[in-house]
Amino acid sequence: MEKIGVSTLRENLSIFLKKVQKGQVVTITSRGHEMARLVPVEDKKEKSREFLRKLGKKAIIGDILSPIENAKLVAADKKLRQSKKVATIW
């Protein structure tokens, strides 16, 4: 994390914006006191994809519209959900 004064930021704004765009955090100071931070914008699409990847590792994927006819599958599903190793998304 880089710390810069307000006057330095004013003189070199485009340089610091490029650094932030590349992922760096810049702390802005005024008279030695931290006043603000410039942080990169969060990529919501990528964050959502990562959440779904993690969920896919834990969730049981199947046809939720058709009834489950096999009692063993129902019991196994119930046991797995009680162990809290499966995420519930509703």
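Residues numbered from 1 in each chain as written. Predicted model: local features only at pLDDT ≥ 70, side-chain atom pairs only at ≥ 80, totals over all residues. Heavy atoms only, no water.

**A short note on the sheet that holds strand β3 (residues 33–38)**
Pairing is mixed in the open sheet, where 3 strands are placed in the order β1-β2-β3. Pairing within the sheet leaves two strands with one partner each, and these edge strands are β1 (2–5) and β3. Each neighbouring strand pair of the sheet contributes to a mean axis angle of 35 degrees, computed without reference to strand direction. Where strand β2 (residues 26–30) and β3 come together, 5 bridges link them in antiparallel fashion. What sits directly across from Thr27, in β3, is Arg37. (Pairing = 2+ DSSP bridges. Helix = DSSP H or I, 4+ residues; strand = E, 2+ residues; numbered from the N terminus. Axes fitted to C-alpha atoms, helices over the stretch in contact; angles between N-to-C directions.)

**Remarks on the pattern of salt bridges**
Under the defined criterion, the tally for this structure stands at 7 salt bridges. The salt bridge partner of Arg37 is Glu34, with a shortest N-O separation of 3.6 Å. Arg37 gets classed as partly exposed once you look at its relative accessible area, which sits at 48%. Note that Glu50 and Arg53 form a salt bridge whose closest N and O atoms lie 2.6 Å from each other. In this pair, Glu50 and Arg53 are both assigned in helix α3 (residues 44–58), 3 residues apart and thus about one turn of the helix distant. The network of salt bridges with shared partners includes Glu46, Arg49, Glu50 and Arg53. (Salt bridge = Lys/Arg side-chain N within 4 Å of Asp/Glu carboxyl O. Buried < 20%, exposed > 50% of the residue type's maximum accessible area, 1.4 Å probe, protein only.)

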